Amino acid sequence: QVQLVESGGGLVQAGGSLRLSCAASGRTLSSYTMGWFRLAPGKEREFVAAISRSGGFTYYADSVKGRFTISRDNAKNTVYLQMNSLKSEDTAVYYCAARIDPYGSRSGAAYDYWGQGTQVTVSS
C-alpha cells in the first residue's frame, strides 16, 4: 500500500505558474502508474494527466495539453505537475492517484490510491 501527499497548491494570478508535488511513502513509487485529477465546485472529477511507471509515456486532457507537464522522479518517490499559463477555469482541488496496473487511464475509478488533495485557485 502507498500513501500519497500533495503539496504546492495556492493562489496565483491568471497566466502564472505553479508546480504541484505528490510525495509517496509506504512503497516505492516506481511500482505505480500515476495520475493527476481535479475537482472543481459543482463539477465532476476531471482527469488532468497521467504518467507511466518509468515516465516514458504521458497522457493529458485536451484542456491542459501544452500548458501542463507531468513528470516523476522515482528516486525521490515524487510525481510533479508543472502548470503554466494558468486560467481561472483551472481552479480546483488537485489530487494525485496511484494505479497498480501498468497502463495509464483517464478514469478515476481505475486508480487504487489517492492523496488528500491540494487547492489551486487562479484569480482572473
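A brief structural summary. (Residues numbered from 1 in each chain as written. Predicted model: local features only at pLDDT ≥ 70, side-chain atom pairs only at ≥ 80, totals over all residues. Heavy atoms only, no water.)

### Brief notes about the overall build of the protein chain
Looking only at helices and strands, the protein chain features zero helices and eleven strands. The helix and strand sequence of the protein chain, counted from the amino end, reads β-β-β-β-β-β-β-β-β-β-β. With respect to the principal axes defined by its C-alpha atoms, the protein chain has extents near 40 × 25 × 25 Å. Within the protein chain, the fraction of its 124 residues that count as buried is 44%. Taking the contacts inside the protein chain whose residues are at least 6 apart along the sequence as the reference set, 59% of them involve residues at least 24 apart. Total accessible area computed for the protein chain in this model is approximately 6100 Å², and 48% of it derives from carbon and sulfur atoms. Of note, the protein chain has its 13 positive side-chain charges centred 4 Å away from the centre of its 9 negative side-chain charges. (Helix = DSSP H or I, 4+ residues; strand = E, 2+ residues; numbered from the N terminus. Buried < 20%, exposed > 50% of the residue type's maximum accessible area, 1.4 Å probe, protein only. Contact = heavy atoms within 4.5 Å. Areas by Shrake-Rupley, 256 points an atom, 1.4 Å probe, with all protein chains shown as cover. Lys, Arg positive; Asp, Glu negative; His and termini not counted. Charge placed at Lys NZ, Arg CZ, Asp CG, Glu CD.)

### Regarding the pairing of strand β8 (residues 78-83)
With five of six residues buried, β8 is to be regarded as a mostly interior element. Sheet topology places strand β3 (residues 18-25) next to β8; six bridges connect them, and they run antiparallel. The residue of β8 that forms the bridge with C22 is V79. The pairing of strand β7 (residues 68-73) with β8 spans six bridges and is classified as antiparallel. In the strand pairing of β8, F68 is matched with M83. Linking β7 to β8, which pair antiparallel, is a turn of four residues; within it N77 sits at a positive phi near 55°. (Pairing = 2+ DSSP bridges.)

### Overview of the packing of aromatic side chains
Enumeration over the complete set of coordinates arrives at five aromatic pairs. Aromatic side chains F37 and F47 sit 5.6 Å apart centroid to centroid with 70° between the ring planes, which places their arrangement in the edge-to-face category. Separated by ten residues along the polypeptide, F37 in strand β4 (residues 33-39) and F47 in strand β5 (residues 46-51) bring together distant segments of the chain. Accessibility assignment for this pair places F37 and F47 in one class, buried. Considering the side-chain rings of Y111 and W114, the 6.3 Å spacing of their centres and the 65° angle between planes classify their relative orientation as edge-to-face. For W114, a relative accessible area of 29% translates into the label partly exposed. One aromatic cluster in this structure is built from F37, F47, Y111 and W114. Here the basic side chain of R45 rests over the ring of F37, its NZ or CZ set 5.9 Å away from the ring centre. (Phe/Tyr/Trp six-rings, centres within 6.5 Å; stacked < 30°, edge-to-face > 60°. Lys NZ or Arg CZ within 6 Å of the ring centre and 35° of its normal.)

### Comments concerning the environment of R67
Along the chain, R67 turns up in the loop between β6 (58-60) and β7. For the pair R67 and M83, spaced 16 residues apart in sequence, the C-alpha separation works out to 6.2 Å. The residues touching R67, leaving out its near neighbours within four places in the chain, are Q82, M83, N84, S85, L86, K87 and D90.

### Examining the nonpolar core
Burial of nonpolar side chains together is a common tendency in soluble globular proteins. Judged by nonpolar contacts, the single largest core of 35 residues is most densely connected at M34, W36, L81, M83 and Y94. Those residues within four positions of M83 in sequence are excluded, and the remaining contacts are G16, S17, L18, L20, R67, F68, Y94 and V120. (Core = buried A, V, L, I, M, F, W, Y, C linked by side-chain atoms within 4.5 Å.)

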